[in-house]
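# Descriptive analysis of the structure
Residue strings, one per chain:
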Amino acid sequence: MNNTAIVGVNWGDEGKGRIVDLFSSDYDIVIRYQGGGNAGHTVMNEFGTFALHLLPSGIFRKNVVNILGNGVALDPINLLKEMKTVRDCDIPISPENLKISSRASLLMPWHIDLDVLEENRLANKKYGSTKQGIAPFYSDKYQKKTVMAGEVFDDELFMQHIEDLLAWKDMIIRAYGEEEYTKDRLKEFFEAIEEIKPYICDVTLYLNENRDKRIMFEAQLGSLRDIDYGIYPYTTSSNTLASYAPIGAGCPDLKLDKVIGVAKAYSTCVGEGPFVSEMFDEEAEELRKAGSEYGAKTGRPRRVGAFDVVATRYGVKVQGCDAVAITKLDVLSYMDKIPVCVSYLVDGKETDEFPFPSKLNKAEPIIRYFDGWKCDISDIRKYEDLPIKAREYIEFIEKGIRCPLAYISVGPERESIIYR
Ligand code: GDP
């Protein structure tokens, strides 16, 4: 296997960072191919605990080259902050182990300002944006109104391009009742650009020259947040799916050898939008606490729910998964009865097909309860050593999602994993 994509099969926050961190030593190159600083991977390893937003999780491994591909929303200011946090823990970052695609578009400070202005305008109809500028960024990219990272090498053209865009953005920002948007607002951005310049290069060329290397593609968010196949409009603004990985990474002609999906042993969802198997009140609070379900980026309490077989099977299918890693099984150890959403009731009919997004609001969960195992499983490393009730839970889910559950994570630490 030379190349593998590791992707989320739910709503994001499945624990992808932890799974990528686990496998990254088997690869030479780790690439982020979409998204920006709007979500976070939490990685726990010998250096500490890190909430990575933009940096690929391979940054902690010696001899791994990390790439931010052309599909990424490149926010230079936040990238630098993140690099500093990682460097402060004595992890070296240099153009040798971090490369930024010259074709990645730059996320500008005005994208963040516009994100905030639009969410405020929408008030109680808001999308639940993390306000990192992602939606304004991608809409500008498809309007051909972003600046590509490689443009920074021609000072004159770069400044002219930014001034042209600024004149246009000023008009839009003023329509929200704001004051004139001037170049002064971009000071920190220009400073950050100078610092990231050495990392910008022709990533496609680099990847063409390194085709014999083992490549890992790292996704942000999950299947249900993909702009085309997710729960639109409560999606992100880019394609999170594995089939987009080679395009967003910089090697569009490459075929994936393997796709590993990451699912959580229960469901979580950040922000607005339909969430069929959602739990409420005390039941939800207990699970949220047990799983520490608070956003890596925003600290917001996450919505929690039962494992959703319907949504996860769909998520696995659209990713084209060869295997699934399930995380946080240990979190369920406190439960007497473990709920699983096995099908939906939509317009009075039971279905196990994932509905069209606007129908999801009408869907009601059909729940089946499994007996809990009620003991600590976090030290278990062999599948046969798991309590029978835990194995029953795993095997039911595996059958339901129609994909082998090859890896079971029972704790946040690198070694807390069961291979089947
Ligand atoms: P990501 O964006 O998909 O990487 O997800 P998050 O950033 O939300 O990470 C999931 C959180 O769960 C992190 O705090 C991890 O350290 C933690 N975690 C991952 N796997 C496990 C597990 O198997 N058990 C427990 N208890 N925590 C885990």
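Since this is a predicted model, take the numbers as computed values, not measurements. (Residues numbered from 1 in each chain as written. Predicted model: local features only at pLDDT ≥ 70, side-chain atom pairs only at ≥ 80, totals over all residues.)

## Details of the overall build of the protein chain
Tallying secondary structure elements over the protein chain gives 11 helices and 20 strands in all. In summary, the protein chain has a C-alpha radius of gyration of 22 Å against a globular reference of 22 Å for 420 residues, a match within 12%. Relative to its 420 residues, the protein chain shows a buried fraction of 47%. Long-range contacts, defined here as pairs at least 24 residues apart, represent 76% of the contacts in the protein chain between residues at least 6 apart. (Helix = DSSP H or I, 4+ residues; strand = E, 2+ residues; numbered from the N terminus. Rg over C-alpha atoms; globule rule 2.2 N^0.38 Å. Buried ≥ 20, exposed ≤ 12 C-beta atoms within 10 Å, placed from the backbone. Contact = placed C-beta atoms within 7 Å.)

## Some words on the site of the ligand
The environment of the ligand is formed by 21 residues, the closest being Gly15, Gly17, Thr42, Ser409 and Pro412. Residue assignment for the shell around the ligand shows that the elements contributing at least two residues are helix H1 (16–23) and strand E3 (41–45). Among the residues making up the shell around the ligand, the classes are represented as six nonpolar, nine polar and six charged. Counting only domains with at least three residues in the shell around the ligand, you end up with domain 1 (3–102 + 200–260) and domain 3 (262–419). (Near = placed C-beta within 6 Å. Nonpolar A, V, L, I, M, F, W, Y, C, P; charged D, E, K, R; others polar. Domains from an automatic or database assignment.)

## Here we look at the sheet that holds strand E5 (residues 65–68)
Overall, mixed pairing links the 10 strands, which are arranged E9-E7-E5-E2-E10-E1-E11-E15-E19-E20 in an open sheet. Of all strands in the sheet, those bounded by a partner on one side alone are strand E9 (200–201) and strand E20 (417–419). In the sheet, strand E1 (residues 3–8) pairs with strand E11 (residues 258–264) via five bridges, with the strands oriented parallel. By the bridge assignment, Ala5 is partnered in E11 with Val259. This element, helix H10 (residues 309–319), spans E1, strand E10 (215–222), E11 and strand E15 (323–327) of the sheet and lies at about 160° to E11. (Pairing = 2+ DSSP bridges. Axes fitted to C-alpha atoms, helices over the stretch in contact; angles between N-to-C directions.)

## Points about the domain arrangement of the protein chain
Per the domain assignment, the segments making up the protein chain are domain 1 (3–102 + 200–260), domain 2 (105–196) and domain 3 (262–419). If you average the C-alpha positions of domain 1 and of domain 3, the two centres end up 24 Å apart. Contacts between the two partners involve 36 residues from domain 1, matched on the other side by 35 residues from domain 3. Mapped by element, the contributors of at least two residues to the side of domain 1 that touches domain 3 are E1, H1, E3 and E11. Ranked by residues supplied to the side of domain 1 that touches domain 3, first place goes to H1 with five residues.

## Details of the nonpolar core
Formed by 111 residues in total, the largest nonpolar core has its most connected members in Ile6, Leu74, Phe217 and Val324. The leading source of residues in this core is H10, at six residues. Apart from residues lying up to four places away in sequence, Leu74 is in contact with Leu68, Leu79, Ile100, Ala104, Ser105, Leu106, Leu107 and Ala149. (Core = buried A, V, L, I, M, F, W, Y, C linked by C-beta atoms within 7 Å.)

## Concerning the packing of helix H3 (residues 109–122) against helix H4 (residues 134–142)
For the pair H3 and H4, the least separation of the axes is 7 Å and the interaxial angle reads 120°. Taken together, the axes of H3 and H4 lie oblique to each other. Crossing angle aside, the handedness with which H3 passes H4 is right-handed. Where H3 approaches H4, its residues His111, Leu114 and Asp115 are matched on the opposing element by Ala135, Pro136 and Phe137. (Parallel < 35°, antiparallel > 145°, perpendicular 65-115°, else oblique. Left-handed = near helix turned anticlockwise from the far one by under 90°.)

## Focus on the pairing of E10
The buried fraction of E10 amounts to eight of the eight residues, a majority that puts the element mostly inside the structure. Bridge analysis of E1 against E10 gives five bridges, and the strand direction is parallel. When the sheet's bridge partners are listed, Thr4 is paired in E10 with Met216. In this structure, strand E2 (residues 29–32) lies alongside E10, joined through four bridges in parallel fashion. Residue pairing in the sheet places Arg32 in a bridge with Glu218 of E10.

## A few points about the environment of Leu107
Checked against the element boundaries, Leu107 lands in the loop between strand E8 (105–106) and H3. Judged by the 31 C-beta atoms lying within 10 Å of it, Leu107 is buried. Considering only alpha carbons, one finds Leu107 and Gly40, 67 residues apart in sequence, at a separation of 17 Å. Apart from residues lying up to four places away in sequence, Leu107 is in contact with Gly36, Ala73, Leu74, Asp75, Gly133 and Phe137.

## Topic: unusual backbone geometry
Note the cis peptide between Tyr232 and Pro233, where omega equals 5°. Here Pro233 is to be found in the loop between E10 and helix H8 (245–249). Even without being a glycine, Asp281 presents a positive backbone phi close to 55°. Within the secondary structure, Asp281 is located in helix H9 (residues 281–290).

## As for the packing of H10 against helix H11 (residues 388–401)
Between H10 and H11, whose axes approach to 8 Å, the crossing angle comes to 55°. By the angle between their axes, H10 is oblique relative to H11. H10 and H11 meet at a crossing whose hand is right-handed. When H10 is examined against H11, the residues Val309, Thr312, Arg313 and Val316 are found in contact with a partner set consisting of Ile397, Gly400 and Ile401.

## Considering H4
Those residues of H4 not exposed but buried are Ile134, Ala135, Pro136, Phe137, Tyr138 and Asp140. Buried residues along H4 sit against strand E6 (73–74) and H3.

## Quick word on the environment of Thr298
If you trace the backbone, Thr298 turns up in the loop between H9 and strand E13 (303–305). The class of Thr298 is partly exposed, set by 17 C-beta atoms lying within 10 Å. The spacing of Thr298 and Gly372 is 74 residues in sequence and 32 Å in space, taken between C-alpha atoms.

## Here we look at the environment of Ala39
By the secondary structure assignment, Ala39 is in the loop between E2 and E3. Assessed through the 29 C-beta atoms surrounding it within 10 Å, Ala39 is described here as buried. Put simply, Ala39 and Leu54 are 15 residues apart on the chain and 8.5 Å apart in space, counted from C-alpha to C-alpha.

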